[in-house]
Amino acid sequence: MSILVTGGAGYIGSVTVELLLERGERVVVLDSLVRGHRAALPDGVPFYQGEVGDRDLILRIAREHDLEACIHFAALAYVGESVTEPIRYFVNNAAQGMLLLEALIEAGVRRFVFSSTCAVYGEPERIPIPEEHPRRPANSYGWSKYFMERALEDCDAAYGLKFVSLRYFNAAGATERCGEDHEPETHLIPNVLAAALGRIPYVPVFGNDYPTPDGTAVRDYIHVRDLADAHLRALTWLRQGGGSLFLNLGSGKGYSVLEVIRTAREVTGREIPMRWEPRRPGDPARLVADARRAERLLGWTPAFPELATIIESAWRWRLAHPDGYPKHQAG
Ligand code: UDP
């Protein structure tokens, strides 16, 4: 039996595929390659290029690979873009996601691990944020994931679909093989490293008047390898008959934009120019996880919690892949 990994050619998806293969799991990847990279997948992994909402394709994959579970990463994931292009986010993440669920249920798949996000909480009422915190997304990206979470709850009640919805805080870092290569790049750490390399003239720092110690926004950065590990634990949980869960994945520590830049200067030994810019719409001031439930239920704690270690891994990958993944490989 195989595990369907949608978005397996993307950033977090490819690292999870890498880990699944290391653990001897059978994997099949579905990715549209709109934002993913064919080169992020090791040779020999069964790969289908297509949309997750393509029912016939999902049923075909289920037939050809005897699917046991699905880990669903495929989604658009830029907060800023979701504010200016909300329909694209609702269609791609929510509508297509629902169609995926429909096809999986038809195919008899009842285990689902979902890439959710701390963006479902919106502006938090308290820090660190526990899973019971009200879900009031502040942008269409968060809403698109919220709709999927709601659908999953009802699919559990109606069809017995068991899911683990993993609410990532800020994914960062790299493995030796897989790293972050987005076009356009909007995330902080890749931009900081691009400025360190002189690929962009400076890091824009969005907002200096947040109610935080240095006025810049605070995030909880979590190593992508730790995220991948949580997916494997979630799968084990479901295989052992565990019930549906919502789990935060973060380190529980917050770092401001300025702290990230300062740490990156130390790690890279480069200057890293920066420039103040206005706040980015849709950005909350502070997002820090209470991830104790993941520790209690899955035995998960980050193996690489230090910001410097996370940035170092991303820097090593960037130095080895200054232009990112090779772009010529299609389908
Ligand atoms: N940010 C920034 N400059 C950048 C990219 C991001 O100041 O070039 C800020 C952004 O406004 C947010 C934090 O860094 O407060 C983390 O942003 P990112 O896009 O990495 O992740 P998000 O929290 O939006 O998922």
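Whatever comes next refers back to the structure up there.
Scoring rules and cut-offs
Residues numbered from 1 in each chain as written. Predicted model: local features only at pLDDT ≥ 70, side-chain atom pairs only at ≥ 80, totals over all residues. Heavy atoms only, no water. Helix = DSSP H or I, 4+ residues; strand = E, 2+ residues; numbered from the N terminus. Buried < 20%, exposed > 50% of the residue type's maximum accessible area, 1.4 Å probe, protein only. Contact = heavy atoms within 4.5 Å. Areas by Shrake-Rupley, 256 points an atom, 1.4 Å probe, with all protein chains shown as cover. Lys, Arg positive; Asp, Glu negative; His and termini not counted. Charge placed at Lys NZ, Arg CZ, Asp CG, Glu CD. Salt bridge = Lys/Arg side-chain N within 4 Å of Asp/Glu carboxyl O. Polar contact = N/O pair within 3.5 Å; in protein donor to acceptor, adjacent residues only side chain to side chain. Expected span 1.5 Å × (residues − 1). Phe/Tyr/Trp six-rings, centres within 6.5 Å; stacked < 30°, edge-to-face > 60°. Lys NZ or Arg CZ within 6 Å of the ring centre and 35° of its normal. Axes fitted to C-alpha atoms, helices over the stretch in contact; angles between N-to-C directions. Left-handed = near helix turned anticlockwise from the far one by under 90°. Nonpolar A, V, L, I, M, F, W, Y, C, P; charged D, E, K, R; others polar.

What to know about the overall build of the protein chain
No. 1: From N to C terminus, the protein chain includes 10 helices and 14 strands.
No. 2: Seen through its principal axes, the protein chain has C-alpha atoms that stretch 55 × 45 × 40 Å.
No. 3: Within the protein chain, the fraction of its 331 residues that count as buried is 56%.
No. 4: Intrachain contacts of the protein chain at a sequence separation of at least 6 include 78% that bridge at least 24 residues.
No. 5: In the structure as shown, the protein chain presents an accessible area of about 13700 Å², 50% of it carried by carbon and sulfur atoms.
No. 6: A gap of 1 Å separates the mean positions of the 37 positive and 43 negative side-chain charges of the protein chain.

Focus: the side chain of S115
No. 1: Secondary-structure assignment places S115 in strand β5 (residues 111–117).
No. 2: Overall, the relative accessible area of 5% leaves S115 in the buried class.
No. 3: Other than its neighbours up to four places away in sequence, S115 contacts H72, F73, K145, L166 and Y168.

Here we look at the side chain of D31
No. 1: Residue position: D31 is located in strand β2 (residues 27–31).
No. 2: For D31, which is buried and forms no salt bridge, the nearest opposite charge comes from R38, at a distance of 9.4 Å.
No. 3: In this structure the side chain of D31 is engaged in a polar contact, spanning 2.7 Å, whose partner is the backbone nitrogen of L33.
No. 4: The contacts of D31, once residues within four sequence positions are left out, are G7, G8, A9, G10, G36, F47, Y48, Q49 and G50.

Focus: helix α4 (residues 86–106)
For the α-helix, the turn length of 3.6 residues means that residues three or four positions removed from each other point alike.
No. 1: Relative to the 30 Å expected for 21 residues at 1.5 Å per residue, α4 spans 29 Å between its end C-alpha atoms, a close match to the ideal helical length.
No. 2: Looking only at α4, the buried set comprises Y89, N93, A94, Q96, G97, L100, L101, A103, L104 and I105.
No. 3: One or two residues past the end of α4 sits G108, with phi positive at roughly 85°.

Considerations on unusual backbone geometry
No. 1: Cis geometry marks the peptide bond from I127 to P128, where omega comes out at -5°.
No. 2: With respect to the helices and strands, the residue P128 is situated in the loop between β5 and α5 (140–159).
No. 3: Here the bond from E183 into P184 is cis, since omega is 0°, no more than 30 degrees from zero.
No. 4: Mapped onto the elements, P184 comes out in the loop between β7 (170–172) and α6 (188–196).
No. 5: One non-glycine residue, L33, lies in positive phi territory at about 65°.
No. 6: Along the chain, L33 turns up in the loop between β2 and β3 (47–49).
No. 7: The buried category is assigned to L33, whose relative accessible area is 18%.
No. 8: The residue D66 is not glycine, and still its phi comes out positive at about 50°.
No. 9: With respect to the helices and strands, D66 occurs in the loop between α2 (55–65) and β4 (67–72).
No. 10: Of the residues examined, D66 reaches a relative accessible area of 43% and is grouped as partly exposed.

Let's talk about the environment of N93
No. 1: Within the secondary structure, N93 is located in helix α4.
No. 2: Separated by 150 residues in sequence, N93 and G243 place their C-alpha atoms 24 Å apart.
No. 3: Non-local contacts of N93, meaning those with residues more than four positions away in its chain, are made with A75, L76, R88, Y141, S144, K145 and M148.
No. 4: Among the polar contacts made by the side chain of N93, one reaches the main-chain amide nitrogen of L76 at a distance of 2.9 Å.
No. 5: In this structure the side chain of N93 is engaged in a polar contact, spanning 3.0 Å, whose partner is the side chain of N92.

A few points about the packing of aromatic side chains
No. 1: For the structure on display, the rule yields 8 aromatic pairs.
No. 2: Relative to F147, the ring of F90 has its centre 5.7 Å away and its plane inclined at 35°; by these criteria the two rings are tilted. Placement of F90 in helix α4 and of F147 in helix α5 is noted, with a sequence separation of 57 residues between them.
No. 3: A relative accessible area of 34% means that F147 is categorised as partly exposed.
No. 4: Between F163 and F246, the ring centres sit 5.3 Å apart and the planes meet at 65°, which makes this aromatic pair edge-to-face. Of the two residues, F163 sits in strand β6 (residues 162–168) while F246 sits in strand β11 (residues 245–249), which places them 83 residues apart along the sequence.
No. 5: Directly above the ring of F246 sits R135, whose terminal nitrogen or CZ lies 5.5 Å from the centroid.
No. 6: The ring of Y210 carries the charged tip of R279 above its face, separated from the ring centre by 4.0 Å.

Side note on the packing of α2 against α4
No. 1: Orientation of α2 relative to α4, taken along the N-to-C sense of each, is 40°, at an axis distance of 9 Å. Of the two elements, α2 crosses α4, and the hand of that crossing is right-handed. Packed against α2, whose contacting residues are R55, I58 and L59, the element α4 presents L100, A103, L104 and E106 at the interface.
No. 2: Class assignment for the residues of the contact of α2 with α4 results in 5 nonpolar, no polar and 2 charged.

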